[in-house]
Amino acid sequence: MKVLISADMEGTAGIVHSAHVTPPDHAGESGIRNNAVEFDWARRLMTEEVNAAVNGALEGGATEVWVTEGHGAMRNLLPPALHPEARYVSGRPKFLGQLEGLDRSFGAVMFTGYHGRAGTPASILAHTFIGIIQEIRLGGIAVGEYGVNAALAGHFGVPVAFVSGDNTVVAQVHELLGADVVGVEVKRALSSTSAVHLHPEKARAEIRAGAAEAVRRAPRLRPYLPKSPIRFEVDVAKPDLADLATLCHGVTREGPRTIAYEGTDMLDVWKAWLVIRNVMNSRMP
Ligand SMILES: [Zn+2]
């Protein structure tokens, strides 16, 4: 079985603050200073959690493991420190974003370092793709990146079998996709920027065991497929962002800060979202 690991950063054990997940060359824009040391250890922790998932996937019977970078500029993992058996996908733009490389030949997707959706109380660095998004709903259900990516994987017939991150993202994935998805809680959030963590070594051991179990369970998991047509709604922070989004073909205005798009399938929705997001991004400071 081929397995694709989609690696985000915020849900890594030890990480609680944007100083941990923002590369120093971008940090100034966010008002962060002198975070080079913190970012450096954080990306090492991220890399080691990914390696634990690769080891577990191979132990569980995976024949091929791909790792796709899913955070920020998508070049945070340290290639020389990555598991030698993993095939690594990095950089951007990548058409399928956090799932680039995925196709129908894969048997499972795993989420490492994932985080709760925008608006979740007491959830480490909760957001959905970009800061101006307040909520995304797929078929009326509020979802985070985990939900959009699960539906995109579902389009290719691939189920999500594993998630690691804080307690909130594990709970949200279980609520959306069912309790058979292996969830590894590496930290319990106390607020959006404080948590009680497992020690990194303990987190890796649990991720490794969980990933192995996930590969064993994958054949009986169902891909997540929202009913067609798929209604995709987005609440944004300001009305002028919604104004811009409605310039995109097929996008309708549903409220002062709400826009919608109805897609024939999830790939159609995903393409529309890439355009909407880029048009709105053009106005971000
Ligand atoms: Zn993310």
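Residues numbered from 1 in each chain as written. Predicted model: local features only at pLDDT ≥ 70, side-chain atom pairs only at ≥ 80, totals over all residues.

## Topic: the overall build of the protein chain
The number of helices and strands found in the protein chain is eight helices and twelve strands. By the compact-globule yardstick of 19 Å for 285 residues, the protein chain fits well, its C-alpha radius of gyration being 18 Å. Dimensions along the principal axes, computed over C-alpha positions, put the protein chain at roughly 50 × 45 × 30 Å. The proportion of buried residues among the 285 residues of the protein chain is 51%. (Helix = DSSP H or I, 4+ residues; strand = E, 2+ residues; numbered from the N terminus. Rg over C-alpha atoms; globule rule 2.2 N^0.38 Å. Buried ≥ 20, exposed ≤ 12 C-beta atoms within 10 Å, placed from the backbone.)

## Section: unusual backbone geometry
Between arginine 92 and the following residue, proline 93, the backbone shows a cis peptide bond with an omega angle of 5°. Summarising the element assignment, proline 93 is placed in the loop between strand S3 (86-89) and strand S4 (106-114). The omega torsion of the bond from serine 228 to proline 229 falls at -5°, within 30 degrees of zero and hence cis. Its location among the elements puts proline 229 in the loop between helix H6 (200-217) and strand S10 (230-236).

## Looking at the packing of helix H3 (residues 36-59) against H6
For any two helices packed against each other, one specifies the inter-axial angle together with the distance between the axes. Close contact between H3 and H6 brings their axes to 7 Å; oriented N to C, the two are set at 35°. When the axes of H3 and H6 are compared, the crossing they make is right-handed. For the pair H3 and H6, contact is made by Leu45, Glu48, Glu49, Ala52, Ala53, Asn55, Gly56, Ala57 and Glu59 and by Pro200, Ala203, Arg204, Ile207, Arg208, Ala209, Gly210, Ala211, Ala212 and Val215, respectively. Its residues assigned to classes, the contact of H3 with H6 comprises eleven nonpolar, three polar and five charged. (Axes fitted to C-alpha atoms, helices over the stretch in contact; angles between N-to-C directions. Left-handed = near helix turned anticlockwise from the far one by under 90°. Contact = placed C-beta atoms within 7 Å. Nonpolar A, V, L, I, M, F, W, Y, C, P; charged D, E, K, R; others polar.)

## Some thoughts on the sheet that holds strand S8 (residues 182-191)
With respect to topology, seven strands assemble into an open sheet ordered S3-S2-S1-S4-S7-S8-S9, the strand pairing being mixed. Each edge of the open sheet is held by one strand with a lone partner, namely S3 and strand S9 (194-197). Direction aside, the axes of adjacent strands within the sheet are offset by 25° on average. Contacts from H6 reach strand S1 (2-7), S4, strand S7 (160-166) and S8, with the element oriented near 140° to S8. (Pairing = 2+ DSSP bridges.)

## Re the pairing of strand S11 (residues 252-255)
Alignment of S11 against strand S12 (residues 258-263), held across three bridges, turns out to be antiparallel. Bridge pairing in S12 links glycine 255 to threonine 258. The turn joining S11 and S12, which pair antiparallel and follow one another in sequence, is formed by two residues.

## Some words on the environment of glutamate 48
Here glutamate 48 shows up in helix H3. For the pair glutamate 48 and leucine 82, spaced 34 residues apart in the sequence, the C-alpha separation amounts to 7.6 Å. When near neighbours in sequence (up to four residues on either side) are disregarded, glutamate 48 contacts Pro200 and Arg204.

## Quick look at the packing of helix H4 (residues 145-155) against helix H8 (residues 266-281)
Direction vectors running N to C along H4 and H8 enclose 135°, while the axes themselves pass 8 Å from each other. Taken together, the axis directions place H4 and H8 in an arrangement best described as oblique. Contacts between H4 and H8 involve Ala151, Leu152, Gly154 and His155 from the first element and Met266, Leu267 and Trp270 from the second. (Parallel < 35°, antiparallel > 145°, perpendicular 65-115°, else oblique.)

## Digging into helix H5 (residues 167-177)
Residues spaced three or four apart along an α-helix face the same direction, because each turn holds 3.6 residues. Among the residues of H5, Thr168, Val169, Val170, Gln172, Val173, Leu176 and Leu177 are the ones counted as buried. Against S4, strand S6 (141-143), H4, S7 and S8 lie the buried residues of H5. Positioned one or two residues after H5, glycine 178 has a phi angle of 100°, which is positive.

## With respect to the environment of phenylalanine 39
With respect to the helices and strands, the residue phenylalanine 39 is situated in helix H3. Judged by C-beta crowding, with 21 C-beta atoms within 10 Å, phenylalanine 39 ranks as buried. Residues phenylalanine 39 and serine 191, spaced 152 residues apart in sequence, show a C-alpha to C-alpha distance of 21 Å. Aside from chain neighbours lying at most four places away, what touches phenylalanine 39 is His20, Thr22, Pro23 and Pro24.

## Thoughts on the domain arrangement of the protein chain
Split into domains, the protein chain comes out as domain 1 (2-122 + 145-220) and domain 2 (230-281). Using only C-alpha atoms to locate each centre, domain 1 and domain 2 end up separated by 26 Å. (Domains from an automatic or database assignment.)

## Overview of the sheet that holds S12
In any sheet, the strands associate via hydrogen bonds between backbone groups, in a parallel or an antiparallel arrangement. The five strands lie next to each other as S6-S5-S10-S12-S11, forming an open sheet whose pairing is antiparallel. Of all strands in the sheet, those with a lone pairing partner are S6 and S11, marking the two edges. Direction aside, the axes of adjacent strands within the sheet are offset by 30° on average. Contacts from H4 reach strand S5 (133-138) and S6, with the element oriented near 35° to S5.

## What about H4?
Most of H4 is tucked away, with eleven of its eleven residues classed as buried. For H4, the complete set of buried residues consists of Glu145, Tyr146, Gly147, Val148, Asn149, Ala150, Ala151, Leu152, Ala153, Gly154 and His155.

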